Amino acid sequence: RKDKNCILNIDPQTDTPLEKYTELLGEEVYVQYPHLVEAFVVGVHTEEYDYVLEEKCVIKSKAIQNKKDCFKHLKSRECIALKSRWGIEVGDVNVMLSVKKIRGKVPTFQSDGGVTIIKHWCEEKSHVPAQLVLSDLPSPVPVQEKCENLSLSGVFPQDAKVFVVSNPGYGSLGTVEGVADGRVKVKIILSDEPMLESLLKAVENHDEDWFYPRQMCSELHISPLLLSKITSAFKINIANKNGSGTSPINIGLNIKYANKGLMAADYARKTDAGGWQYSEALYKILQEYVKKFPELFKELENHLKKEVINASEIAQKFGPEFKLVQFLQIKN
């Protein structure tokens, strides 16, 4: 049930002689209980001695204490991880094994048509309490197929889907039609190469359509601060129709939100250096606004550093507030 937890206790094998574990050096075992995987034993460790496999020879040495990889630290780290992650209590640990877990199996094709599966082991070592190592599983193994010779037809069964990894037809999808005389007959479905010229040309010209802030400001004759505000949220207080107080309206284009790192993909983008670039489409929109409302943009330059901008202050300079309303109608 979801509302109940349990801990799996593993009985320590205190009566198992150390020789049984050292005999596993260079052998294949199963680890990572309860989800077993194959592994290759390269070391056996106790509190007093280390047994390490080097070039098919077993080297015995006195265990070094007070190091990060000493037996005491390895045992403590693995026992804590097993209990907190998997809910497994291994009890007293007197022997630890160093293993290399399986990384994959690669078929090797023989000249006579036979196939041998070659196992590849991880370079990094894992450390496992001895009581969680299984070396004599019953046959057939329920968790993983044992490495053994296979036939060519076993690797490429009838109607299996395959991909070509050589020329001609690299990357093409194929279907196995049969195996005979050490050869695999495959029906390949060739497809025409996609026409990417127009796409590549568009990509090459893509960067030319983007402006840095200084470039756009120079073209539009506005300041960088005004460009930054007008492309994001730019609020101005406008008098209410009933004459009681003011309400903020947004005359910005909401193209980007610098604090959140958000932007409209077709109009703005972040550079690798953390700055901004603006598209030609946005340039045309702002160009239209500047041409229609030159006085507004000119007067806004004088109010950018104020905490609160009132539309009435701007209207006194160049005209009634309805021009802001017209601006908003075009913006929306």
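Please refer to the structure higher up on the page.
**Here we look at helix α2 (residues 71–86)**
Stage number 1. In this model α2 runs 22 Å from its N-terminal to its C-terminal C-alpha over 16 residues, within 8% of the 22 Å that 1.5 Å per residue would give.
Stage number 2. Among the residues of α2, Phe71, Leu74, Glu78 and Leu82 are the ones counted as buried. Buried residues in α2, looked at end-on, bunch into an arc of 65°, giving them a common side. Exposed residues pointing more than 90 degrees away from the buried face of α2 are listed as Lys72, Ile80 and Ser84.

**Section: the pairing of strand β3 (residues 37–45)**
Stage number 1. The buried count for β3 comes to 8 of 9 residues, which makes it a mostly enclosed element.
Stage number 2. Two strands pair when backbone bridges link them, and strand β2 (residues 28–31) and β3 are joined in this way by 4 bridges, in the antiparallel orientation. Bridging from a neighbouring strand, Val31 pairs with Val37 of β3.
Stage number 3. Between β2 and β3, which pair antiparallel in sequence order, lie 5 residues; one of them, Gln32, sits at a positive phi of approximately 65°.
Stage number 4. As paired strands, β3 and strand β7 (residues 96–109) are joined by 6 bridges and run antiparallel to one another. Counted as the bridge partner of Ala39 is Lys101 from β7.
Stage number 5. One ladder, built from 3 bridges, connects β3 with strand β4 (residues 49–54); its direction is antiparallel. Bridging across to β4, Val44 finds its partner in Tyr51.
Stage number 6. In this structure, the hairpin formed by β3 and β4 is closed by a connection of 3 residues.

**A short note on the packing of helix α5 (residues 213–220) against helix α7 (residues 280–292)**
Stage number 1. The N-to-C vectors of α5 and α7 enclose an angle of 30°; their axes lie 10 Å apart at closest approach. Relative to α7, α5 is oriented roughly parallel. The two elements α5 and α7 meet at a crossing, and its hand is right-handed. Across from Met216, Glu219 and Leu220 in α5, the residues of α7 making contact are Tyr283, Leu286, Gln287 and Val290.
Stage number 2. Here the residues of the contact of α5 with α7 sort into 5 nonpolar, 1 polar and 1 charged.

**Concerning the sheet that holds strand β11 (residues 161–163)**
Stage number 1. The sheet built from 3 strands is open, its strands ordered β11-β12-β13 with antiparallel pairing. If you trace the sheet from one side to the other, it starts and ends with β11 and β13 (183–189), each paired once. Adjacent strand axes in the sheet meet at a mean angle of 50° when their direction is disregarded.
Stage number 2. Bridge analysis of β11 against strand β12 (residues 173–180) gives 3 bridges, and the strand direction is antiparallel.

**Quick look at the pairing of strand β20 (residues 276–279)**
Stage number 1. On β20, burial covers both faces: Trp276 and Tyr278 on one face and Gln277 and Ser279 on the other are all buried.
Stage number 2. Across 2 bridges, strand β14 (residues 210–211) lies against β20 in antiparallel orientation. Following the sheet pairing, Trp210 is matched in β20 by Ser279.
Stage number 3. By the bridge criterion, 3 bridges tie strand β19 (residues 268–270) to β20 in an arrangement that is antiparallel. Across the sheet, the residue bridging to Arg269 is Gln277, located in β20.
Stage number 4. Between the antiparallel neighbours β19 and β20 lie 5 residues, among them Gly274 with a positive phi of about 95°.

About the criteria used
Residues numbered from 1 in each chain as written. Predicted model: local features only at pLDDT ≥ 70, side-chain atom pairs only at ≥ 80, totals over all residues. Heavy atoms only, no water. Helix = DSSP H or I, 4+ residues; strand = E, 2+ residues; numbered from the N terminus. Expected span 1.5 Å × (residues − 1). Buried < 20%, exposed > 50% of the residue type's maximum accessible area, 1.4 Å probe, protein only. Arc of directions from axis to C-beta. Pairing = 2+ DSSP bridges. Axes fitted to C-alpha atoms, helices over the stretch in contact; angles between N-to-C directions. Parallel < 35°, antiparallel > 145°, perpendicular 65-115°, else oblique. Left-handed = near helix turned anticlockwise from the far one by under 90°. Contact = heavy atoms within 4.5 Å. Nonpolar A, V, L, I, M, F, W, Y, C, P; charged D, E, K, R; others polar.

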